[in-house]
Amino acid sequence: MIKLSVNLNKIALIRNSRPGDYPDLTAHARTCLAAGADGITVHPRPDLRHIRPDDVHQLSTLLREYPGIELNVEGNPFEPPRQHYPGFLALVAQTALHQCTLVPDSSEQLTSNHGFDVSATGDQLAPVVTRLHEQGVRVSLFMDPDVEQIRLAAQLGVDRIELYTGPFAAQWKLSTVCGEAMFKRYREAAECALGLGLGVNAGHDLNLDNLVHFIALPGLQEVSIGHALIVDALAMGLTQTVQAYKARLSARVAL
């Protein structure tokens, strides 16, 4: 079964548009978990546009009540401390989490839009991977579907890769034929990762429509979905939406 980790960034973004704690992030996390979500993902950024450091701590505490449910924290490992932001690796060290997904995004980016170039950053990433492993954290690296880069990622000792699925989603939106052509790159990348002993996650712009095809990816263990899921929840309700995504992911059994 492919696991669903619900990204709560958009809930936090709505909350931050007004003073106070409405909507309540942890309450919505509970709703997702009650509906069958397998994990919670957050991506704290230095500008605190959505997830804040205290959110990460509160979610970490919350998930102690849910054995087997994982907290996945995403972010750029090279982000230094700033006002009200302790730095990404410091925040991770302060938090009990299961998986850390390293993402090469800058503070200026609207959202993540590419994977790591390990040939350029491998020397800087290697001690980060070691440090996280010493803390007992599973390490996933945000990657484009590039087999050469994935081979370099394996040399760093990461546990998994998370395939950046934005290009697949964009091609699928054009037509299923375009999406299927792009999917071949992801299949090759996943097969390469599996052959190197890496786990395979995926995320970015996945939705109920394009998941129909993407769930056939070899060895796919987990998808992290936030934007589309929260948008769908506006019409369907959060509980029903999480259940719909879980049902879509379970359809893989029939393929």
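Conventions and cut-offs
- Within any chain, residue numbers begin from 1 and follow the written order of that chain's sequence.
- Local features are withheld for residues below a pLDDT of 70 in this predicted model, meaning they are given only at 70 or higher, and side-chain atom pairs are given and counted only at 80 or more; totals for whole chains, interfaces and linings count all residues.
- The side-chain quantities take in all heavy atoms of the structure and omit both hydrogens and water.
- Paired rings are identified among Phe, Tyr and Trp, the last through its six-membered ring, by centres lying within 6.5 Å, and are further divided according to the angle between planes into stacked (under 30 degrees), edge-to-face (over 60) and tilted (the rest).
- By the criteria applied, helices consist of DSSP H or I runs no shorter than four residues and strands consist of E runs no shorter than two, each listed in order from the N terminus.
- Categorising residues by exposure relies on relative accessible area from a 1.4 Å probe, with only protein chains included: less than 20% of the type maximum marks a residue as buried, more than 50% marks it as exposed, and the intermediate range marks it as partly exposed.
- Paired strands are those between which DSSP finds at least two bridges.
- A crossover counts as right-handed when, viewed with the strands pointing away from the observer, the path leading from the first strand over the helix to the second turns clockwise.
- Only heavy atoms matter for contacts: two residues are in contact if any of them lie within 4.5 Å across the pair.
- Think of a polar contact as two N or O atoms within 3.5 Å of one another; within protein, one of them needs to be a possible hydrogen donor and the other a possible acceptor, and neighboring residues in sequence only count if both atoms come from side chains.
- Between N-to-C directions, angles span 0 to 180 degrees; the directions come from axes that are lines fitted to C-alpha atoms, helices contributing only their stretch in contact.
- By definition in this entry, angles of less than 35 degrees are roughly parallel, angles greater than 145 are roughly antiparallel, angles of 65 to 115 are roughly perpendicular, and the rest are oblique.
- Should the near helix be turned anticlockwise from the far one by less than a right angle, the crossing is left-handed, and should it be turned clockwise, the crossing is right-handed.
- Classification convention: Asp, Glu, Lys, Arg as charged; Ala, Val, Leu, Ile, Met, Phe, Trp, Tyr, Cys, Pro as nonpolar; all other residues, Gly among them, as polar.
- Salt bridges are defined by distance alone: a side-chain nitrogen of Lys or Arg within 4 Å of a carboxyl oxygen of Asp or Glu.

**Q** Explain the packing of aromatic side chains to me, using residue names and the numbers behind them.
**A** For the coordinates displayed, the defined rule picks out 7 aromatic pairs. With a centroid separation of 5.9 Å and an interplanar angle of 40°, the aromatic rings of Phe168 and Trp172 are classed as tilted. Residue Phe168 and its partner Trp172 are both found in helix α7 (residues 166-174); the two are separated by 4 residues, about one turn of the helix. This pair shows no difference in class: Phe168 is buried, exactly as Trp172 is.

**Q** Any chance you could break down the pairing of strand β5 (residues 138-143) for me, citing the residues and the numbers?
**A** As a general feature of sheets, a regular strand has side chains that alternate between the two faces. Here β5 lies mainly inside the structure; 6 of its 6 residues are buried. Here β5 shows a buried face lined by Arg138, Ser140 and Phe142 and a second buried face lined by Val139, Leu141 and Met143. In the sheet, strand β4 (residues 99-102) pairs with β5 via 4 bridges, with the strands oriented parallel. By the bridge assignment, Thr101 is partnered in β5 with Ser140. Bridging between β5 and strand β6 (residues 160-164) involves 4 bridges; their strand directions are parallel. Its bridge partner lying in β6, Met143 is registered against Leu163. This β-α-β element, β5 to helix α6 (residues 147-155) to β6, shows right-handed connectivity.

**Q** Quick rundown of the side chain of Ser224? Include the residues and the values.
**A** Here Ser224 shows up in strand β8 (residues 220-225). Once you skip the residues sitting within four places of it in the chain, Ser224 turns out to touch Ser5, Asn7, Thr41, Glu74, Glu162, Ala202, Gly203 and His204.

**Q** Could you give an account of the environment of His28, naming the residues involved and the relevant values?
**A** For His28, the location among the structural elements is in helix α2 (residues 25-34). Contact partners of His28, with chain neighbours within four places excluded, come to Ile11, Pro23 and Leu238.

**Q** Report on the side chain of Ser60, specifying residues and quantitative values.
**A** Following the sequence through the fold, Ser60 ends up in helix α3 (residues 53-62). Taking relative accessible area as the criterion, Ser60 reaches 6% and is therefore assigned buried. A polar contact of 2.7 Å, which involves the side chain of Ser60, links it to the backbone oxygen of Ala96. Excluding residues that lie within four positions of it along the chain, Ser60 makes contacts with Leu71, Thr95 and Ala96.

**Q** Go over the packing of α6 against helix α8 (residues 176-195), please, and point to the residues and values.
**A** For the pair α6 and α8, interaxial distance at closest approach is 9 Å and the crossing angle is 25°. Classified by the interaxial angle, the pair formed by α6 and α8 is roughly parallel. Seen along the crossing, α6 lies across α8 with a hand that is right-handed. Contact residues: α6 offers Val147, Ile150 and Arg151, while α8 offers Glu188, Ala189, Cys192 and Ala193. Across the contact of α6 with α8, the residue classes tally to 5 nonpolar, no polar and 2 charged.

**Q** So what about the pattern of salt bridges? Which residues, and what values?
**A** In the structure shown here, the tally under the stated rule is 9 salt bridges. A salt bridge links Asp54 to Arg52, with the shortest nitrogen-to-oxygen separation between them at 3.7 Å. By relative accessible area, Asp54 is classed as partly exposed at 36%. Of the charged contacts, one joins Arg82 and Glu79 as a salt bridge, the two residues approaching to 3.0 Å between their closest N and O atoms. Looking at Arg82, the relative accessible area reads 40%, which means it is partly exposed. With a relative accessible area of 11%, Glu79 lands in the buried category.

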